[in-house]
Amino acid sequence: MSAVTATAAAWAEIEQVWARDGLITLTGTLQGAAPESGPWRLRLDPVPPEERPALRSRLHRRVWRARMSGRPGPGPYDVTVSDGRFETAVPVNDLVLPRPLRSGHWRPCLVGPDGSALRLGRHLGVPRRARAITFPGQRTTARGPRFRVRPYYTADDHLAIGSRRAS
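Residues numbered from 1 in each chain as written. Predicted model: local features only at pLDDT ≥ 70, side-chain atom pairs only at ≥ 80, totals over all residues. Heavy atoms only, no water.

Here we look at the packing of aromatic side chains
Counting across every chain of the model gives 1 aromatic pair. Centre to centre, the rings of Phe-135 and Tyr-153 are 5.9 Å apart; their planes meet at 50°, and the pair counts as tilted. On the criterion of sequence distance, the pair formed by Phe-135 in the loop between β7 (117-121) and β8 (138-139) and Tyr-153 in strand β9 (residues 147-153) is long-range, its members being 18 residues apart. For Phe-135, a relative accessible area of 12% puts it in the buried group. (Phe/Tyr/Trp six-rings, centres within 6.5 Å; stacked < 30°, edge-to-face > 60°. Helix = DSSP H or I, 4+ residues; strand = E, 2+ residues; numbered from the N terminus. Buried < 20%, exposed > 50% of the residue type's maximum accessible area, 1.4 Å probe, protein only.)

Here's what the structure looks like:
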């Protein structure tokens, strides 16, 4: 796991989020970053429970650390960049968590050819509430426990993807 910091000079502006047919498709533009020649990738970094105030259980934090620390996030996924625009897709089956974890969250970021990471978000426009935009959840079709995967915006206008065990 590596920390990703968003700078005011460059970011990836989300224009569309499509959550359907077993994929989460993201399209947008690169703001303040020159799309150099070379491969761009989408990386999903797991959000540790210490950064999610709703998780107060010490047991959950210990189990999360035991199961997820040192384990890479899903991906990386290929990103198509053309004329400052990007498009990528994440299969929801890749977001199934190991047992006994019941929920997890990921921070998506674009990694450029030079290794710099850009957080994805919706930074331009009028400030709004974090819950103002909702996306449909999708159930995974992978083996094992079923999960409901759903993208959402955080309070600081960044995109995140949540995965929760479905009954």
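Section: the pattern of salt bridges
According to the stated counting rule, one finds 3 salt bridges in the structure shown. Between Arg-43 and Asp-45 there is a salt bridge, and its shortest N-O distance comes to 3.1 Å. (Salt bridge = Lys/Arg side-chain N within 4 Å of Asp/Glu carboxyl O.)

Focus: the pairing of strand β3 (residues 40-46)
Of all 7 residues that make up β3, 5 are buried, and the element is covered over most of its length. Inspection of the sheet shows β3 paired to strand β4 (residues 77-82) by 3 bridges, in the antiparallel sense. Bridging across to β4, Leu-42 finds its partner in Tyr-77. (Pairing = 2+ DSSP bridges.)

Here we look at the nonpolar core
Leu-110 and Leu-120 are the most contacted members of the largest nonpolar core, which totals 29 residues. Setting aside residues up to four positions removed in sequence, Leu-110 forms contacts with Ala-12, Leu-30, Trp-40, Arg-41, Leu-42, Val-79, Phe-86, Ser-116, Ala-117, Leu-118 and Leu-120. (Core = buried A, V, L, I, M, F, W, Y, C linked by side-chain atoms within 4.5 Å. Contact = heavy atoms within 4.5 Å.)

Observations regarding the confidence of the model for the protein
Confidence along the protein averages 79 in pLDDT terms, with 75% of residues attaining 70 or more. Residue range residues 1-7 is modelled with pLDDT below 50. Its contacts to residues more than four positions away, or to other chains, number 13 contacts. (pLDDT = per-residue confidence, 0-100.)

Some thoughts on unusual backbone geometry
Although it is not a glycine, Asp-21 sits at a positive phi angle of roughly 55°. The topology assignment puts Asp-21 in the loop between β1 (11-20) and β2 (23-31).

Focus: the environment of Pro-136
Mapped onto the secondary structure, Pro-136 falls in the loop between β7 and β8. Considered as a pair, Pro-136 and Val-149 are 13 residues apart in the sequence and their alpha carbons are 8.6 Å apart. With residues up to four places along the chain from it excluded, the contact list for Pro-136 reads Ala-19, Val-149, Arg-150 and Pro-151.

A closer look at the environment of Arg-85
The topology assignment puts Arg-85 in strand β5 (residues 85-91). The exposure class assigned to Arg-85 is partly exposed, which follows from its relative accessible area of 41%. As a C-alpha pair, Arg-85 and Thr-29 span 56 residues in sequence and 4.2 Å in three-dimensional space. For Arg-85, the residues in contact, after removing those within four places along its chain, are Glu-15, Gly-28, Thr-29 and Thr-80. A polar atom in the side chain of Arg-85 sits 2.9 Å from the side chain of Glu-15. (Polar contact = N/O pair within 3.5 Å; in protein donor to acceptor, adjacent residues only side chain to side chain.)

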